[in-house]
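This is what each chain is made of:
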Amino acid sequence: MAASRDKYSVLLPTYNERENLPLIVWLLMRSFEQSGNDFEIIVIDDGSPDGTQEIAEQLIKIYGSDKILLRPRAKKLGLGTAYVHGMKHATGNFIIIMDADLSHHPKFIPEFIRRQKEGNFDIVSGTRYKGNGGVHGWDVKRKLISRGANFLTQILLRPGASDLTGSFRLYKKEVLQKLIEKCVSKGYVFQMEMIVRARQLGYSIGEVPISFVDRVYGESKLGGNEIVSFLKGLLTLFATT
Amino acid sequence: MTKLLQWLLTLALLGATWATLTLNLLGLSPLPPAWYQVLWPLPTYLLVTFGCYSLGVVGYRLASFNDCEEAARELQAQIREARDDLARRGMKF
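Reading guide: rules and limits
- Residues numbered from 1 in each chain as written.
- Chains lettered and ligands numbered in written order.
- Predicted model: local features only at pLDDT ≥ 70, side-chain atom pairs only at ≥ 80, totals over all residues.
- Heavy atoms only, no water.
- UniProt positions renumbered as here; feature names shortened; annotations may be inferred.
- Helix = DSSP H or I, 4+ residues; strand = E, 2+ residues; numbered from the N terminus.
- Pairing = 2+ DSSP bridges.
- Axes fitted to C-alpha atoms, helices over the stretch in contact; angles between N-to-C directions.
- Contact = heavy atoms within 4.5 Å.
- 1 Å grid on protein atoms, 1.4 Å probe; cavity = no way out; pocket = protein on both sides within 12 Å on 5 of 7 lines; lining within 4 Å.
- Points joined across faces, edges and corners; volume = space filled by probe spheres on them.
- Buried < 20%, exposed > 50% of the residue type's maximum accessible area, 1.4 Å probe, protein only.
- Right-handed = clockwise from strand over helix to strand, strands pointing away.
- Expected span 1.5 Å × (residues − 1).
- Arc of directions from axis to C-beta.
- Nonpolar A, V, L, I, M, F, W, Y, C, P; charged D, E, K, R; others polar.
- Buried area = accessible area lost by both parts, 1.4 Å probe.
- Salt bridge = Lys/Arg side-chain N within 4 Å of Asp/Glu carboxyl O.
- Polar contact = N/O pair within 3.5 Å; in protein donor to acceptor, adjacent residues only side chain to side chain.
- Patch = residues over 30% accessible without salt bridge, like charges linked within 9 Å, V, L, I, M, F, W, Y side chains within 5 Å.
- Areas by Shrake-Rupley, 256 points an atom, 1.4 Å probe, with all protein chains shown as cover.

Novice: When you look at the UniProt feature "domain: Glycosyltransferase 2-like" (unreviewed entry) in chain A in this model, what are you seeing that I'm missing?
Specialist: Feature annotation in UniProt places "domain: Glycosyltransferase 2-like" (unreviewed entry) on residues 9-179 of chain A, given in this structure's numbering. Helix and strand shares over residues 9-179 of chain A are 43% and 19% respectively, and the end C-alpha atoms of the span are 17 Å apart.

Novice: Any chance you could explain the sheet that holds strand 1 (residues 7-14) of chain A here in plain terms?
Specialist: Within a sheet, neighbouring strands are paired by backbone hydrogen bonds and run either parallel or antiparallel to one another. Residue and element names in this part refer to chain A. Taken in spatial order, the seven strands of this open sheet run 3-2-1-4-7-5-8, and their pairing is mixed. The outermost strands of the open sheet, each flanked by one partner alone, are strand 3 (68-70) and strand 8 (205-209). Here the strands of the sheet are splayed against their neighbours by 20° on average, with no regard to which way each runs. Sheet topology places strand 2 (residues 38-45) next to strand 3; three bridges connect them, and they run parallel. Directly across from I42, in strand 3, lies its bridge partner L69. Across the sheet, helix 2 (residues 52-63) lies against strand 1, strand 2 and strand 3, angled at about 150° from strand 3, the strand it touches most. Those strands touched by helix 6 (residues 173-182) are strand 4 (94-97), strand 5 (123-127) and strand 7 (169-172), and its axis lies near 100° from that of strand 7.

Novice: What is the right way to read the layout of surface pockets from this model?
Specialist: Empty space left among the atoms is revealed by rolling a probe the size of a water molecule over them. Residues and elements named next belong to chain B. By volume, the second largest pocket amounts to about 560 Å³. Lining the second largest pocket are 16 residues, with T10, L11, L14, P43 and L46 sitting closest to its centre. Broken down by secondary-structure element, the contributors of at least two residues to the lining of the second largest pocket are helix 1 (3-22) and helix 3 (42-63). For the lining of the second largest pocket, the element with the highest residue contribution is helix 1, accounting for nine residues.

Novice: It is not clear to me how the pairing of strand 1 of chain A should be interpreted in this structure. Could you clarify?
Specialist: Strand residues, when the strand is regular, have side chains that alternate between the two faces of the sheet. Residue and element names in this part refer to chain A. Summarising burial for strand 1: eight of the eight residues are buried, a large majority. Residues K7, S9, L11 and P13 line one face of strand 1 and the alternating positions Y8, V10, L12 and T14 line the opposite face, and both faces are buried. Here strand 1 runs beside strand 2; their pairing, made up of eight bridges, is parallel. The residue bridging L11 from the neighbouring strand is I42, located in strand 2. Viewed along the sheet, the connection from strand 1 through helix 1 (residues 20-35) into strand 2 turns out right-handed.

Novice: Quick question: what am I supposed to make of helix 8 (residues 224-240) of chain A here?
Specialist: A turn of α-helix holds 3.6 residues, and therefore any two residues three or four places apart point the same way. Between the first and last C-alpha of helix 8 of chain A there are 24 Å, a value that for 17 residues agrees with the 24 Å anticipated at 1.5 Å per step. For helix 8 of chain A, every residue scored as buried is listed here: F230, G233, L234, L237 and F238 of chain A. All buried residues of helix 8 of chain A project into a common sector of 135° when viewed along the axis, lining one side. In helix 8 of chain A, the exposed residues that point more than 90 degrees away from the buried face are N225 and K232 of chain A. Contacts made by the buried residues of helix 8 of chain A are with helix 5 (140-157) and helix 7 (187-200) of chain A together with helix 1 of chain B.

Novice: Explain the UniProt feature "signal peptide" (unreviewed entry) in chain B here, please?
Specialist: Following the UniProt record, the feature "signal peptide" (unreviewed entry) maps to residues 1-19 of chain B here. Taken end to end, residues 1-19 of chain B comprises 89% helix and 0% strand; its first and last C-alpha atoms sit 25 Å apart.

Novice: In this structure, what is going on with unusual backbone geometry? I would like to understand it.
Specialist: Apart from glycine, the bulk of residues carry a negative phi angle, and the bulk of peptide bonds sit in the trans form. Residues and elements named next belong to chain A. Positive phi outside glycine occurs at N16, with the angle close to 55°. Even without glycine at this site, L102 takes up a positive phi of about 75°. Along the polypeptide, L102 turns up in the loop between strand 4 and helix 4 (109-119).

Novice: Looking at this model, I keep getting lost on empty space enclosed by the protein. Mind explaining?
Specialist: One pass over the full model with this rule turns up one cavity of 30 Å³ or more. In this structure, the largest cavity encloses a volume near 30 Å³. Within the lining of the largest cavity, the residues separate by chemical class into four nonpolar, three polar and one charged.

Novice: Teacher, can you tell me more about the interface of chain B and chain A here?
Specialist: Often, the extent of an interface is quoted as the loss of accessible area upon association of its parts. Tallying the contact residues gives 35 residues for chain B and 44 residues for chain A. Summing the contributions of chain B and of chain A, the shared interface buries around 3,500 Å²; its carbon and sulfur component is 65%. Note that K143 of chain A and D67 of chain B form a salt bridge whose closest N and O atoms lie 2.9 Å from each other. Inspection of the region where chain B meets chain A yields 15 residue pairs in polar contact (both at pLDDT 80 or more).

Novice: Hey, could you run me through the UniProt feature "transmembrane region" (unreviewed entry) in chain B in this one?
Specialist: Here the UniProt feature "transmembrane region" (unreviewed entry) sits at residues 43-63 of chain B. Secondary structure content for residues 43-63 of chain B is 100% helix and 0% strand, and the end C-alpha separation is 30 Å.

Novice: Is there a simple way to explain a nonpolar patch on the surface in this structure?
Specialist: All names here are of chain B. On the surface, M1, L4, L5, L8 and L9 cluster together into a nonpolar patch covering about 490 Å² of accessible area. Along the polypeptide, M1 turns up in the segment before helix 1. Among the residues examined, M1 registers a relative accessible area of 66% and is labelled exposed.

This is the structure we're talking about:
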């Protein structure tokens, strides 16, 4: 059966994640061992000064270099190029992208895989805004901004997916490759543009509700700058797509 | 066609229809006089209705946003489990 030959490459872009990296890898290992899917974890570290790479080396010793791959880059570069870089080394036919800061729990990955198979979707996106999805660690103000921004986006872009700024997704490898070529934005807007372009290109999108537990270690960032650049990005997509 | 263009086109079409009817631009007076009392403030009504709808939807979604306390507790427990297990396998944090 072709299905049993599916392999999932998890791309983990990191920058100063020495606290979180061993934990996320441990959770990933357990999730995949339980579900029995073939997988690999590709750590793309952008030259973290905190020793993230040394931690990754230790993990390779524990779990093996066929399961954990460290593919670092010299300095902090964009998220889009991190995915391109990671994909060059990926041997799976599916790519899973997620944050390494424990806000995305690997327990949802088997659900992503099931959902993908159900509808042969090109993309499966985690959503905080549907079903049992949600967030932890956000105050009312942050929730209001999130809900407001999401509503505005839905009205203006009608993207056909409920969580546009989330970054916990599963892609068919060739689909992700095509999308990255087309996308030009940065940060939050990058994830949004990926979905909007996917829609334009006629790719199908499935969704899985996820719980998002905001950073346990380290600072979560949402300042005025993020909001302004989000709005700029939204209007750019509104006017150009 | 971009989303911006779609919006402008739809608004222009609706606006033109409304203006033609209310200002009786074609001079036909096709509607009974009572209708004009509704037609004249219609855009304002629609705008207010949409505003209320938006506030309602965002308010409801804000109130019903799951807090995921259980997920956070579960994660904390798993973090301890992971640390212990990794330390046993020789991991130096």
